[in-house]
2 protein chains.
Amino acid sequence: MNFIDGLNFDEKGLLPAIIQDERSGRVLTLCYMTKEALSKTIEEKKIYVFRRSKGRIMLKGESSGCVQTVKKMFVDCADNSLLFMVEQTRAACHEGYFSCYFREIDDKGEVVISEQRLFDPKEVYP
Amino acid sequence: MNFIDGLNFDEKGLLPAIIQDERSGRVLTLCYMTKEALSKTIEEKKIYVFRRSKGRIMLKGESSGCVQTVKKMFVDCADNSLLFMVEQTRAACHEGYFSCYFREIDDKGEVVISEQRLFDPKEVYP
């Protein structure tokens, strides 16, 4: 995995990674990976992220079971970010929506919920 | 555009924005916007970015003509990033590819060019 050495992790050791659902093409979330999180992601073919609020790497979906299985992986032209196409289990967003981008900004600048909730967060994160 | 006040711009005043081609679903690039770049993007319905190397906001495609026309706009669940669906003129990547994610990492960890070049950068950026 020589390409890892060429990646431009930032001063905190983080690299942004876009997660996209392979089947629907929906963009699910933007996360941040350390070199360790990226290595585990490649090794296990499941997305691992650096959770800034907890200060540690975590399997995405660790507590909810909503894991993301890696199907394809791309690096951008400047080695500044990654794109993963995944198979999403249930829903990506901790709010219970398939994508974290479930709020659309309409022409008037109003925030509109543009997809259906798939689970109630209270039942998944007790 | 009240939602702008709720966005979590970072300590440098930047917010990441994922740019996706609406028609094909291809993720094109990840860029960074200041509040000013975002305001101009909304006003003109063309993507404006903060070009860190130049220290100023620029119309995406300013020199190449490869502008991105905004069709839809979404904000993530934590107000930490944006997703724009756009109509891409010609190609998004300064290397001449439709997407900046034209390099796939294969199972052996090798970098493979996974799409066709649409223009020769030398002819577009003299």
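As shown above, the structure is provided for reference.
Residues numbered from 1 in each chain as written. Chains lettered and ligands numbered in written order. Predicted model: local features only at pLDDT ≥ 70, side-chain atom pairs only at ≥ 80, totals over all residues. Heavy atoms only, no water.

**Student:** Account for helix α1 (residues 35–44) of chain B, with residues named and values stated.
**Tutor:** Residues and elements named next belong to chain B. All of the buried residues along α1 are Ala37, Leu38, Thr41 and Ile42. Projected down its long axis, α1 shows its buried positions confined to an angular sector of 135°, all on one face. Opposite its buried face, α1 presents the exposed residues Glu36 and Glu43, each directed more than 90 degrees away. At the C-terminal side of α1, Lys45 shows a positive phi close to 55°. (Buried < 20%, exposed > 50% of the residue type's maximum accessible area, 1.4 Å probe, protein only. Helix = DSSP H or I, 4+ residues; strand = E, 2+ residues; numbered from the N terminus. Arc of directions from axis to C-beta.)

**Student:** Any chance you could break down the interface of chain B and chain A for me, citing the residues and the numbers?
**Tutor:** Between chain B and chain A, the contact holds 39 residues from the first and 39 residues from the second. Between chain B and chain A lies a buried interface of about 3000 Å² when both sides are counted; carbon and sulfur atoms form 62% of it. Of all residues in chain B, Cys77(B), Tyr101(B) and Arg103(B) give up the largest surface area on contact with chain A, accounting jointly for 22% of the area buried on that side. The shortest N-O distance in the salt bridge between Asp79(A) and Arg103(B) comes to 2.9 Å. For the pair chain B and chain A, the interface holds 14 residue pairs in polar contact (both at pLDDT 80 or more). Going through the elements one at a time, β1 (15–21), β2 (27–33), β5 (68–75), β6 (82–88) and β7 (103–105) of chain B are the ones with two or more residues in the side of chain B that touches chain A. Broken down by element, the side of chain B that touches chain A gets its largest block of residues, four residues, from β5(B). Classifying every residue of the side of chain B that touches chain A by side-chain character gives 20 nonpolar, seven polar and twelve charged. (Contact = heavy atoms within 4.5 Å. Buried area = accessible area lost by both parts, 1.4 Å probe. Salt bridge = Lys/Arg side-chain N within 4 Å of Asp/Glu carboxyl O. Polar contact = N/O pair within 3.5 Å; in protein donor to acceptor, adjacent residues only side chain to side chain. Nonpolar A, V, L, I, M, F, W, Y, C, P; charged D, E, K, R; others polar.)

**Student:** Talk me through the relation of the copies chain B and chain A; I want residue IDs and the actual numbers.
**Tutor:** Note on the identical chains: chain B maps onto chain A by a rotation of 180° and an axial translation of 0.0 Å, with an RMSD of 0.0 Å. When the rotation and shift are considered jointly, the pair of chain copies conforms to a two-fold rotation axis. Measuring from the rotation axis to each C-alpha of chain B, the shortest distance belongs to Gly25(B), at 2.8 Å. (Least-squares fit on C-alpha atoms with pLDDT ≥ 70 in both.)

**Student:** Which residues make up the packing of aromatic side chains, and what values do they have?
**Tutor:** All names here are of chain A. On inspection of all chains with the given rule, the structure shows two aromatic pairs over all chains. With 3.8 Å between their ring centres and 15° between their planes, Tyr97 and Phe102 make a pair best called stacked. You can call Tyr97 buried: its relative accessible area is 8%. Judged by its relative accessible area of 5%, Phe102 is buried. (Phe/Tyr/Trp six-rings, centres within 6.5 Å; stacked < 30°, edge-to-face > 60°.)

**Student:** Report on the sheet that holds β7(B), specifying residues and quantitative values.
**Tutor:** An order of β2(A)-β1(A)-β6(A)-β5(A)-β7(B)-β8(B) is seen for the six strands of this open sheet, with the pairing classed as mixed. Sheet topology places β2 (27–33) of chain A together with β8 (111–113) of chain B at the edges, where each strand pairs with a single neighbour. Averaged over all pairs of adjacent strands, the angle between their axes in this sheet comes to 35°, without regard to strand direction. Pairing of strand β5 (residues 68–75) of chain A with strand β6 (residues 82–88) of chain A, which is carried by seven bridges, proceeds in the antiparallel orientation. Paired with Val70(A) across the bridge in β6(A) is Val86(A). Across the sheet, helix α1 (residues 35–44) of chain A is in contact with β2, β5 and β6 of chain A; its angle to β2(A) comes to roughly 125°. (Pairing = 2+ DSSP bridges. Axes fitted to C-alpha atoms, helices over the stretch in contact; angles between N-to-C directions.)

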